[in-house]
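# Fold and contact review
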Amino acid sequence: MKKFFIYAAIAALVIPFVSCNNKIDYGNDPQAKIEKAKYSDYAKKVTIKSGEAKDNGIQEIEFTDGGRYIITAIKAKANEDVQIKTGTYTFKDGVYTLDDGSTISFDSNGNFTLIFKQDGKDVTVTGTYEQQPKISATDFSRDIAHTWKISKIDISVVAQGKNVGVVKDGSNIEQIGKDLIEQAKTMGADVNIDTDKLKGYNVKTITFTSSHTLFIEFTEAPTFKASVNSISGYNFKYKLEVGVENDILNAEAECKFEPQSANTAWLTAKVKGEGFDGRVIFYLTVAED
């Protein structure tokens, strides 16, 4: 059996969000329009059905609208941790070329071919796949299916009857948690957040895809991956597929996406922790070239 992925390079997944009973309603759908991502026409998510990739634990391969890929795998056969590898890709003449030099191509009969380097030589692996459905083509799917950077985070919660809020530039989730605790103290409230569980969660990028996937990459923490569902206009929910929730990013969440300009948007999600609940807004800017 050919060993074709170095799993030390595959990051494990993390992070969550929360589902509440009441729907988020932030008014009318946005009027701003965001142009579709560069690789929208080539974006796809496939489930691996058989072949050597399946035998080696590869479960799913997705090429995103914004030019990133995400490979989901299991380290070994016996229900071990799901792991993630991410990076960038280019597309030409039906071939996806990954940033590590590997290439993947698909035919219309459900077969795929993976070529990668091993010990300086090309190794070819084949198998079968099933393509997963996409979100219906709407303004929402066009606007959201990008890779984003966070410019600012705004979190507001109610704790012991007190409205506590923090707005901070950047994307450091751990620092937001610490600042929220301190702000609550000045107001005579207690926000119980386990900041140890937030260490390393400084967001590099957030990626939404037209194949119902959300994943977040961090500077010092494992990648978070979730499925997007219950889409209604610009409202949706997501559910964590792999990872461990924390007090700011929960296992499921009700969300609202709001384009603000040709390359910016707000992402609002409900948040719930021990003794508090509220919402967090991520101020997003398209990160693609």
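Residues numbered from 1 in each chain as written. Predicted model: local features only at pLDDT ≥ 70, side-chain atom pairs only at ≥ 80, totals over all residues. Heavy atoms only, no water.

### Some points on the overall build of the protein
Helix and strand counts for the protein come out as three helices and 18 strands. For the protein, with 289 residues in total, the buried portion stands at 49%. In the protein, of all internal contacts separated by at least 6 residues, the share reaching a separation of at least 24 is 54%. Accessible surface, the protein as shown: approximately 13600 Å² in total, 45% of it carbon and sulfur. (Helix = DSSP H or I, 4+ residues; strand = E, 2+ residues; numbered from the N terminus. Buried < 20%, exposed > 50% of the residue type's maximum accessible area, 1.4 Å probe, protein only. Contact = heavy atoms within 4.5 Å. Areas by Shrake-Rupley, 256 points an atom, 1.4 Å probe, with all protein chains shown as cover.)

### Some remarks on the packing of aromatic side chains
This model, assessed by the stated rule, comprises 19 aromatic pairs. A ring pair is formed by tyrosine 89 and tyrosine 96, whose centres lie 5.6 Å apart and whose planes are at 55 degrees; its orientation type is tilted. Both residues of the pair, tyrosine 89 and tyrosine 96, count as buried. With a centroid separation of 5.9 Å and 45 degrees between ring planes, the pair formed by phenylalanine 140 and phenylalanine 236 is classed as tilted. Separated by 96 residues along the polypeptide, phenylalanine 140 in helix α2 (residues 139-144) and phenylalanine 236 in strand β15 (residues 235-242) bring together distant segments of the chain. (Phe/Tyr/Trp six-rings, centres within 6.5 Å; stacked < 30°, edge-to-face > 60°.)

### What to know about the pairing of strand β5 (residues 82-92)
Here strand β4 (residues 68-74) pairs with β5 via seven bridges, running antiparallel. Following the sheet pairing, arginine 68 is matched in β5 by threonine 88. Direction of pairing for β5 relative to strand β6 (residues 95-98): antiparallel, over a ladder of four bridges. In the strand pairing of β6, tyrosine 89 is matched with leucine 98. (Pairing = 2+ DSSP bridges.)

### What about unusual backbone geometry?
Phi at aspartate 119 takes a positive value of approximately 55 degrees, unusual for a residue other than glycine. Structurally, aspartate 119 is set in the loop between β8 (111-118) and β9 (121-131). One non-glycine residue with positive phi stands out, namely glutamine 160, at about 50 degrees. Turning to its location among the elements, glutamine 160 is positioned in the loop between β10 (147-159) and β11 (162-169).

### With respect to the pattern of salt bridges
Counted by the stated rule, this structure contains 14 salt bridges. Here arginine 142 makes a salt bridge to aspartate 143, at a shortest N to O gap of 2.9 Å. Residue lysine 178 pairs with glutamate 174 through a salt bridge whose shortest N-O separation is 3.2 Å. Taken together, the residues span about one helical turn, with lysine 178 and glutamate 174 both in helix α3 (residues 173-186) at a distance of four residues. Exposure remark for lysine 178: the relative accessible area of 33% places this residue in the partly exposed category. Taken together, the shared-partner salt bridges connect Glu60, Lys225 and Glu241 into one network. (Salt bridge = Lys/Arg side-chain N within 4 Å of Asp/Glu carboxyl O.)

None of this, on its own, says anything about what the molecule does.
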